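Close look at the chain arrangement
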Amino acid sequence: MNSKTVPRQRGGCLAPTDLNLIRRPLEFIAEDHLRERLICAALDRIADSPLPDRGDLEMVLSFLELEFSLHHADEEDGLFPLMLKRCEPEDEIDRTILRLQAAHREAALSKPEILVLLRALLHSGDSPDIEARDLLRAFAASERQHLIVENAIILPIARVRLTKDDLTALTSGMQCRRGLDQTS
């Protein structure tokens, strides 16, 4: 096989999630989760490094500026409402989704401060101070915590409960948020 025909390995995560995967929306979201785990690891490296790697800083900034809000919207505006509609009472999904929505709100409130900090580190080449290190680590830890819930509870139940029409609607919303042609 030449390099042009080698499929992207799952979890490569060095670039945004492949938009060709969007027609399988739950897999797209799962792939986004792998990418976000990589971002959390980069945040930890930045926090732990006396001289943060420029590539890590640029990767995290790009993710937070371009992908983070889209991913949360995919869940908040697409996945979660569908799950609330389809899940059975024994799934007890309501409380789990409320918890995740609170985590998303907390992340959205923290994001501007994180962006300012990362931009400052990128431009100065300085190491983060103790307060910055704590902020970066706390953000990464919080993100990992809710990724665990999404991967272990939300996605498995979604795979069972969501209908083909639900998945089509989820795909359509994801495409619309990204300005993609929905006819292909």
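Provided above is the structure to which this section pertains.
A quick note: this is a predicted structure, and the numbers were derived from the prediction, not measured.

**Structural notes on the overall build of the protein chain**
Secondary structure summary: the protein chain contains five helices and zero strands in total. Tracing the protein chain from N to C terminus, the helices and strands come up as α-α-α-α-α. In terms of C-alpha radius of gyration, the protein chain reaches 18 Å, essentially the compact-globule figure of 16 Å for 184 residues. Look at the contacts in the protein chain between residues 6 or more apart in sequence, and 74% of them connect residues 24 or more apart. For the protein chain, the exposed surface amounts to about 10100 Å²; the carbon and sulfur share of it is 55%. If the 24 positive side-chain charges of the protein chain are averaged to one point and the 32 negative ones to another, these points end up 5 Å apart.

**What to know about the environment of Leu117**
Note on placement: Leu117 falls in helix 3 (residues 93-124). What makes Leu117 buried here is its relative accessible area of 15%. The residues contacting Leu117, other than those within four sequence positions of it, are Ala132, Leu135 and Leu136.

**A closer look at the packing of helix 1 (residues 25-48) against helix 2 (residues 54-86)**
Packing of helix 1 against helix 2 leaves a shortest axis separation of 10 Å and a crossing angle of 145°. As for how helix 1 packs across helix 2, the hand of that crossing is left-handed.

**Describing the nonpolar core**
Residues Leu43, Ile46, Val60, Leu64, Leu118, Leu136 and Phe139 are the most contacted members of the largest nonpolar core, which totals 24 residues. Every element with two or more residues in this core is listed here: helix 1, helix 2, helix 3 and helix 4 (130-161). For Val60, the residues in contact, after removing those within four places along its chain, are Ile39, Ala42, Leu43, Ile46 and Leu118. Listed in part, the 22 residues of the second largest apolar core include Ala30, Phe80, Val149 and Leu162.

**Some remarks on the packing of aromatic side chains**
According to the stated counting rule, one finds two aromatic pairs in the structure shown. Relative to Phe68, the ring of Phe63 has its centre 5.9 Å away and its plane inclined at 65°; by these criteria the two rings are edge-to-face. For the ring pair Phe68 and Phe139, a centre distance of 5.9 Å and an interplane angle of 50° mean the geometry is tilted. Of the two residues, Phe68 is situated in helix 2 and Phe139 in helix 4; the sequence distance between them amounts to 71 residues. Residue classification places Phe68 among the buried residues on the basis of a relative accessible area of 1%. Here the aromatic residues Phe63, Phe68 and Phe139 are joined through ring pairs into a cluster of three or more.

**Some remarks on the packing of helix 2 against helix 5 (residues 164-177)**
Two elements in contact, helix 2 and helix 5, have axes whose closest approach is 10 Å; the angle formed by their N-to-C orientations is 160°. As far as their axial angle goes, helix 5 and helix 2 are roughly antiparallel. For the crossing formed where helix 2 meets helix 5, the hand is right-handed. Contacts between helix 2 and helix 5 involve Leu70, Ala73, Asp74, Asp77, Gly78, Leu79, Leu82 and Arg86 from the former and Asp166, Leu170, Met174 and Arg177 from the latter. Residue classes in the contact of helix 2 with helix 5 are distributed as six nonpolar, one polar and five charged.

**Structural notes on the pattern of salt bridges**
Any two side chains of opposite charge can pair, on the condition that their charged atoms come close. In the structure shown here, the tally under the stated rule is 14 salt bridges. Notably, a salt bridge pairs Arg54 with Glu58, separated by 3.3 Å at the nearest N-O pair. With Arg54 and Glu58 both in helix 2 and four residues apart, the pair spans about one turn of that helix. With a relative accessible area of 49%, Arg54 lands in the partly exposed category. Across the salt bridge formed by Asp91 and Arg161, the nearest N and O atoms sit 2.7 Å from each other.

Rules behind the numbers
Residues numbered from 1 in each chain as written. Predicted model: local features only at pLDDT ≥ 70, side-chain atom pairs only at ≥ 80, totals over all residues. Heavy atoms only, no water. Helix = DSSP H or I, 4+ residues; strand = E, 2+ residues; numbered from the N terminus. Rg over C-alpha atoms; globule rule 2.2 N^0.38 Å. Contact = heavy atoms within 4.5 Å. Areas by Shrake-Rupley, 256 points an atom, 1.4 Å probe, with all protein chains shown as cover. Lys, Arg positive; Asp, Glu negative; His and termini not counted. Charge placed at Lys NZ, Arg CZ, Asp CG, Glu CD. Buried < 20%, exposed > 50% of the residue type's maximum accessible area, 1.4 Å probe, protein only. Axes fitted to C-alpha atoms, helices over the stretch in contact; angles between N-to-C directions. Left-handed = near helix turned anticlockwise from the far one by under 90°. Core = buried A, V, L, I, M, F, W, Y, C linked by side-chain atoms within 4.5 Å. Phe/Tyr/Trp six-rings, centres within 6.5 Å; stacked < 30°, edge-to-face > 60°. Parallel < 35°, antiparallel > 145°, perpendicular 65-115°, else oblique. Nonpolar A, V, L, I, M, F, W, Y, C, P; charged D, E, K, R; others polar. Salt bridge = Lys/Arg side-chain N within 4 Å of Asp/Glu carboxyl O.

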